[in-house]
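Chain and residue survey
So you can see what is in the structure, the chains are spelled out below.
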Amino acid sequence: MLSVNGLFKNFSGKPALTDVSFHVGRGEIYGLLGHNGAGKSTSLGIILGMVMPDRGDVTIDGISVLKDRSKALRKVGAIFEAPAFYEYLSGWDNLKILMSYSGGFDAESAAEVIDRVGLSKRVHSKVRTYSHGMRQRLALAQALLPEPEVLLLDEPTDGLDPEGIKWFRDFILNLRDERGMTVLFNSHLLAEVELMCDRVAILREGQRVFEGRVSGLQDDTPVFEVDLAPWDLACGLVKSAGGDILSTGKVSLPHTMDPATLVAALVRAGIRVRAFSPVRRSLEDLYMEILNGAPSPN
Amino acid sequence: MLFFQQLRGELRKLFARPRTWMGYGAFIAMEAVILAVYKLERSQRYMKGMLERNGLEFGTYYSSLTITFTIMLLSMFLLGSIYFALVAGDIVAKENEDGNLRLVFARPISRLRLLLIKYTAVSLYTFSFVFFVGVSGYAMAVAAVGWEGGLFVMEPKMKVFAAYPEWWEGAGRLAMAAGGIGLSMITLSSIAFMFSCFKVKPAAATIITLTILFVDMILQGFPFFKPYESYFVTWRMSAWVFLLEQNISWPKIIESYAFLIGLNISLFTLGWLSFQTRDFKT
């Protein structure tokens, strides 16, 4: 549905993107991660035609954004961190103006979407009186009004309270489930990305350094937190079983080994097993490993 | 149809800003000041002397139409230039500065169309504002001196001197002149609009525009540039005064407005080229 192909972009001779490519399938939620200045927003800017790439192209449902931006963006809605509306106008007037750029305003559809995002009571108030959460709801409404098939989210949950973040997440997941919407999610909140996304890409200094499924993060060598005594004797047994000692109290086992078999062997050898629990490898661990070249401290 | 919907939205934004209404207030205040000066005995004496030296009757030409002409001439020069530069300088640059353009750029609208909408809105606003100044100035003048009387015009810079003793004739000429001022002022707005499309702060667009106009005006006054005065923008912008000449010289007027239209198209194109090739980072 959304294809980013070999993007290169320099700002004043400094590379912002170097050969960045990814593809987001229909109905998929794709996370774009990276530190500040990694190239996430530049990628999003190019997808929306706000930034011109030096090389490469973006297609949305097969239509090139560079060649026919207006046609390509007909199926796109976007939300930015701290969306800047016209403060001196009401939410309703903002929607009217923004929708006039998308082919026209339909009051009935607008009322329906506003109701859906929970902004009905305040939509006729001036935007300057809105809280951050209400602005994000209005942003969501303006993004959904053209009935998009692709939703681009740039740090949409930044600054929201936990309740707001959960509401937003559930809303987006519902959209995907109900309408099969394709979502590109650009965020610093790794836990959110992990909860929402099917696949993620990590950008570092303008280059894509990782792409993979979120559900596949556990597929590597399983790691366990253990409390074994005596430790030295236990280490010998773990190693002889094909495992590896990562640090005191932390071991990794080969995929093929059943941890229960090892625990039984340890008990039989007279080792006291006080704890033996798998360590879940989070997206944050992976992110830190990739960006820092070392595992994050646990 | 969609263009008009978009244009309506642009005008809605323009008129929703407090600054827009402050401008109306400022012009009315200025009109009141000019009117108060006209009412001073010393001013009346000066005008009487001037009219009588030219064989004209004070009672006929000390009128609401003459006062309206002065109001339009002075307020457009003194306040109009600043105000139109301010509004047109804001139209693109302020939205970029405030981040509104990010939301607009997420829409399937081309940059050229967006600029055309904004330029049309600014032009309509400028043109209609001149009429507002004329109508409000005339209404205040009528309240002060009554509606009757003719129109006396004296503009030494453009060498225009005319007198229309009949009210209907004077009013017609003044309405035509207001249309001319409106067109001339669009050039001022076009300069500010072009700079607004560049990567500058809104205030910079306004200041650069005013600087260009004032430098143009000052240089035009130098004897050295006298033979070249028709190449100066502000001279061309003053062509509306020719609409008040006793015998209208249409070729002279058409030449000036063709010059200004050509200039406006060039300014828009330059602004668009800059806007089209710019990166707008999210």
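Above this text is the structure in question.
Residues numbered from 1 in each chain as written. Chains lettered and ligands numbered in written order. Predicted model: local features only at pLDDT ≥ 70, side-chain atom pairs only at ≥ 80, totals over all residues.

Some thoughts on the overall build of chain A
Helix and strand counts for chain A come out as ten helices and 14 strands. Dimensions of chain A, computed from C-alpha atoms along their principal axes, come out at roughly 75 × 45 × 30 Å. In chain A, which comprises 298 residues, the proportion classed as buried is 39%. Put simply, of all contacts in chain A between residues at least 6 apart along the chain, 67% involve residues at least 24 apart. (Helix = DSSP H or I, 4+ residues; strand = E, 2+ residues; numbered from the N terminus. Buried ≥ 20, exposed ≤ 12 C-beta atoms within 10 Å, placed from the backbone. Contact = placed C-beta atoms within 7 Å.)

Comments concerning the overall build of chain B
Along the backbone of chain B there are twelve helices and two strands. In sequence order, chain B lays out its α and β elements as α-α-α-α-α-α-α-α-β-β-α-α-α-α. Taken against the 2.2 N^0.38 rule, which gives 19 Å for 282 residues, the C-alpha radius of gyration of chain B at 20 Å falls within 12% of a compact globule. Projected onto its principal axes, the C-alpha coordinates of chain B cover approximately 65 × 45 × 35 Å. Evaluated residue by residue, chain B yields a buried proportion of 40% over its 282 residues. (Rg over C-alpha atoms; globule rule 2.2 N^0.38 Å.)

What about the environment of B:Leu73?
Tracing the sequence through the fold places B:Leu73 in helix 5 (residues 64-90). Distance from B:Leu73 to B:Ser136, taken between C-alpha atoms, is 14 Å for residues 63 residues apart in sequence.

Here we look at the interface of chain A and chain B
Taken together, the 30 residues of chain A in the interface contact 24 residues of chain B. Mapped by element, the contributors of at least two residues to the side of chain A that touches chain B are helix 1 (40-47), helix 2 (69-72) and helix 3 (91-100) of chain A. Looking at the side of chain A that touches chain B, the element that brings in the most residues is helix 3 of chain A, giving five residues. In the side of chain A that touches chain B, the residues fall into 16 nonpolar, nine polar and five charged. (Nonpolar A, V, L, I, M, F, W, Y, C, P; charged D, E, K, R; others polar.)

What about the sheet that holds strand 4 (residues 55-60) of chain A?
All names here are of chain A. Ordered in space as 2-1-4-5, the four strands form an open sheet in which the pairing is antiparallel. One side of each edge strand has no neighbouring strand; the edge strands of this open sheet are strand 2 (14-24) and strand 5 (63-64). Across five bridges, strand 1 (residues 2-11) lies against strand 4 in antiparallel orientation. Within the sheet, the bridge partner assigned to Phe8 lies in strand 4 and is Arg55. (Pairing = 2+ DSSP bridges.)

Details of the pairing of strand 11 (residues 223-229) of chain A
All names here are of chain A. The alternating pattern of strand 11 places Phe224, Val226 and Leu228 on a buried face, while none of Val223, Glu225, Asp227 and Ala229, on the opposite face, is buried. Two strands pair when backbone bridges link them, and strand 11 and strand 13 (residues 250-252) are joined in this way by three bridges, in the antiparallel orientation. The residue of strand 13 that forms the bridge with Phe224 is Val251. Examined bridge by bridge, strand 11 and strand 14 (residues 272-279) share seven bridges and lie antiparallel to one another. Counterpart to Asp227 in the pairing with strand 14 is Ala275.

Some remarks on the environment of A:Thr182
Residue and element names in this part refer to chain A. By secondary structure assignment, the location of Thr182 is in strand 8 (residues 182-186). You can call Thr182 buried: it has 24 C-beta atoms within 10 Å. Distance in space between the C-alpha atoms of Thr182 and Arg26 is 5.3 Å, their sequence separation being 156 residues. Thr182 has contacts with Met1, Leu2, Val24, Arg26, Gly27, Glu28, Glu149 and Val150, leaving out every residue within four places of it along the chain.

Regarding the pairing of strand 2 of chain A
Residues and elements named next belong to chain A. In the sheet, strand 1 pairs with strand 2 via seven bridges, with the strands oriented antiparallel. Across the sheet, residue Phe11 finds its bridge partner in strand 2, namely Lys14. In sequence, strand 1 turns back onto strand 2 through a hairpin of two residues, with Ser12 there showing a positive phi of about 50°.

Overview of the sheet that holds strand 3 (residues 29-34) of chain A
Residues and elements named next belong to chain A. Taken together, six strands build an open sheet; the order of strands is 6-7-8-3-9-10 and the sheet is mixed. Only two strands of the sheet have a single neighbouring strand rather than two, namely strand 6 (76-79) and strand 10 (207-213). Averaged over all pairs of adjacent strands, the angle between strand axes in this sheet comes to 15°, irrespective of strand direction. Sheet topology note: the strand 3/strand 8 ladder contains four bridges and is parallel. By the bridge assignment, Gly31 is partnered in strand 8 with Phe185. Packed onto the sheet, helix 5 (residues 132-144) meets strand 6 and strand 7 (150-154) and runs at close to 165° relative to strand 6. (Axes fitted to C-alpha atoms, helices over the stretch in contact; angles between N-to-C directions.)

Regarding helix 10 (residues 202-221) of chain B
All names here are of chain B. Its 20 residues place the ends of helix 10 29 Å apart at the C-alpha level, agreeing with the 28 Å of an ideal helix rising 1.5 Å per residue. Here helix 10 has its buried residues at Pro202, Ala205, Thr206, Thr209 and Leu213. Seen from one end, helix 10 has its buried residues packed into an arc of 100°, which puts them on one side. Helix 10 presents Thr211, Phe214, Val215 and Ile218 as exposed residues on the side facing more than 90 degrees away from its buried surface. Buried positions along helix 10 lie against helix 5, helix 6 (93-98), helix 9 (167-197) and helix 11 (233-237). (Expected span 1.5 Å × (residues − 1). Arc of directions from axis to C-beta.)

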